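Descriptive analysis of the structure
Chain by chain, the residues:
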Amino acid sequence: MAQEQGRTPAKTAAGRGGRAARGGYAVGDARRRMILDTAVEHFAQFGFNASSLARIAQDCGITQGGLLHHFRGKEDLLLSVLARSEEHDVDRLFSPPGEGFPPVAEHFAAVVALAADNARRPGIVRMYNTLVGESGNPDHPAHDHFRQRYARVLGHTVGLLEAGAARGEVRPGTDCEAVGREILAVMDGLQIQWVLDPEGVDMPGLLAGYLDRRLRDITVAGTGLGRAEGASSSSSSSSSSS
C-alpha cells in the first residue's frame, strides 16, 4: 500500500511535466511560424542581402539571440522560408508518389487554382520575385534552390504532357519541353505584372485564359479547361468555406 501511495505523486508530476513540455513545444512552434512569416515580408521588401536578422527579430518582438535559437543564421532562415513555401506548392500541384499523372486539363486547372491562392498571399509572391532575381548570382544562397525548383517543375510538366500524349489526350509530335517552358514563363511573367499592379492584373483569370487556349492547341479533342477548371474552383471554394 505504501508503495502505491508513493507512486501516485510521481505519476502526477510526470503528467504535469509532460503537459508543460507539450505547451513549450507549442509556444516554440508558434514563435517559429511568426519568425518565418516576418522573414517573408523582409525578404520580399529588402531581398536577402539587405535583410537583417536584427530587424526581423525586432519586428517579432524578440532578441536576435532568441531568433538564433530557432534558426542558425540568415541563410538557414531563408532556406526554411523557401522550404515551407515549396511544401505548399508541392501539395497543390504534384501527385503523391505512385499515383501517376492526372489528366492534363485537371493539372492545368490546379495551376490556375494555385495562382488564385497566390493572389491571396502577396508577400510570398513578392518574395519569390525578389529572390529569383537575386539568385541569378551563383553565389546567392538560394541559387541551387531555384535551379532545382525550375528543373523539378519543368520535369513534372513535361512528364505530365508526355503521359497525356501516351494516353491519346495530347497531339502526337507536341514539343512537350517547349510547352512546359512556355507555361513557366507565362506564370512568372504574370506574377511580376500582378505584383506591380495587383488591382489592374487578374493573374488567375489571365492564366486561365492562356492555359485554356494552349490546351485547345495541344489536345486531340481540341477542348480547353472547361469542366476541369470549374471543378477545381468549386473544390477550392468548398474547402475554404468548410
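Quick caveat: nothing in here was measured; it's all calculated off a predicted structure. (Residues numbered from 1 in each chain as written. Predicted model: local features only at pLDDT ≥ 70, side-chain atom pairs only at ≥ 80, totals over all residues. Heavy atoms only, no water.)

1. Focus: the overall build of the chain
Selection rule: Each helix corresponds to a stretch of at least 4 residues labelled H or I by DSSP, and each strand to a stretch of at least 2 residues labelled E; elements are numbered beginning at the N terminus. The classification of residues rests on relative accessible area computed with a 1.4 Å probe and restricted to protein chains. Under 20% of the type maximum is buried, over 50% is exposed, and intermediate values are partly exposed. Any pair of residues with heavy atoms lying within 4.5 Å of one another is described as a contacting pair. Under the convention used here, a 1.4 Å probe and the Shrake-Rupley method define accessible areas, while residue burial counts only the protein chains that appear.
When its secondary structure is counted, the chain shows 10 helices and 0 strands. Ordering the α and β elements of the chain from the N terminus gives α-α-α-α-α-α-α-α-α-α. By the burial criterion, 39% of the 242 residues in the chain qualify as buried. Considering only contacts within the chain whose residues lie at least 6 apart along the sequence, 68% involve residues at least 24 apart. Total accessible area computed for the chain in this model is approximately 13400 Å², and 53% of it derives from carbon and sulfur atoms.

2. Details of the side chain of Ser135
Locating Ser135 in the fold gives a position in the loop between helix H6 (122–134) and helix H7 (143–167). Setting aside its immediate chain neighbours within four residues, Ser135 contacts His140, Ala142, His143 and Phe146.

3. Considerations on the packing of helix H5 (residues 104–118) against H7
Counted only if it meets this: For helices, the axis comes from a line fit to the C-alpha atoms of the stretch in contact; other axes are also lines fit to C-alpha atoms, and the angle between any two N-to-C directions lies between 0 and 180 degrees. Angles below 35 degrees are treated as roughly parallel, those above 145 as roughly antiparallel, those between 65 and 115 as roughly perpendicular, and all remaining angles as oblique. Think of it as three bins: nonpolar holds Ala, Val, Leu, Ile, Met, Phe, Trp, Tyr, Cys and Pro, charged holds Asp, Glu, Lys and Arg, and polar takes everything else, Gly as well.
Two numbers describe how H5 lies on H7: the axes approach to 10 Å, and their chain directions differ by 150 degrees. Taken as axis vectors, H5 and H7 run roughly antiparallel relative to one another. Of the residues in H7, those in contact with Val104, His107 and Phe108 of H5 are His156, Leu160, Leu161, Gly164 and Arg167. Classifying every residue of the contact of H5 with H7 by side-chain character gives 4 nonpolar, 3 polar and 1 charged.

4. Quick look at the pattern of salt bridges
The cut-off we apply is this: We define a salt bridge as a side-chain nitrogen of Lys or Arg found within 4 Å of a carboxyl oxygen belonging to Asp or Glu.
All told, the structure shown has 11 salt bridges when counted by the stated rule. Asp217 is the partner of Arg214 in a salt bridge, and the nearest nitrogen-oxygen pair spans 3.9 Å. Of this pair, Arg214 and Asp217 both sit in helix H9 (residues 203–218), 3 residues apart, which is roughly one turn of the helix.

5. Looking at the packing of H6 against H7
Where H6 contacts H7, the axes come no closer than 9 Å and their chain directions differ by 110 degrees. Comparing the axis directions of H6 and H7 gives the class roughly perpendicular. Contacts between H6 and H7 involve Tyr128, Leu131 and Val132 from the former and Phe146, Arg149 and Tyr150 from the latter. By residue class, the composition of the contact of H6 with H7 is 5 nonpolar, no polar and 1 charged.

6. Some thoughts on H9
Put simply, the rule reads: Every helix has an expected span of 1.5 Å times one less than the residues it contains.
With 16 residues, H9 extends 22 Å between its outermost C-alpha atoms, agreeing within 8% with the 22 Å of an ideal straight helix rising 1.5 Å per residue. Residues of H9 that are buried: Met203, Pro204, Leu207, Ala208, Tyr210, Leu211, Asp212, Arg214, Leu215 and Ile218.

7. Considering the side chain of His145
Among the secondary structure elements, His145 is positioned in helix H7. Overall, His145 belongs to the buried group, its relative accessible area being 17%. For His145, the contacting residues outside a window of four places in its chain are Leu82 and Glu86.

8. Here we look at the confidence of the model for the chain
Here is the rule we go by: The predictor attaches a confidence to each residue, and that confidence, scored 0 to 100, is pLDDT.
Across the chain, the average pLDDT comes to 84, with 80% of residues at or above 70. Under a pLDDT of 50 for its full length, residues 228–242 has, in the predicted model, 11 contacts with residues more than four places off or in other chains.

9. As for the packing of aromatic side chains
Test applied: Any pair of Phe, Tyr and Trp rings, taking the six-membered ring for Trp, is counted once the centres come within 6.5 Å. Such a pair is stacked with planes under 30 degrees apart, edge-to-face with planes over 60 apart, and tilted for the rest. Lysine and arginine charges are scored as sitting over a ring when NZ or CZ, respectively, is within 6 Å of the ring centre and within 35 degrees of the ring normal.
Considering all chains together, one arrives at 2 aromatic pairs under this definition. Seen in terms of ring centroids, Phe43 and Phe48 are 6.2 Å apart; in terms of plane orientation they differ by 35 degrees. Their pairing is tilted. We note that Phe43, like Phe48, is buried. Here Tyr128 and Phe146 contribute two aromatic rings whose centre-to-centre distance is 5.6 Å and whose plane-to-plane angle is 80 degrees, an arrangement assigned as edge-to-face. Here the residue Tyr128 occupies a position in helix H6, and Phe146 occupies one in helix H7, the gap between them amounting to 18 residues. Judged by relative accessible area, which is 14%, Tyr128 ranks as buried. A cation over a ring is seen here: Arg55 above Phe46, with NZ or CZ 4.8 Å from the ring centre. The side chain of Lys74 reaches across the aromatic face of Phe48, ending 4.6 Å from its centre.

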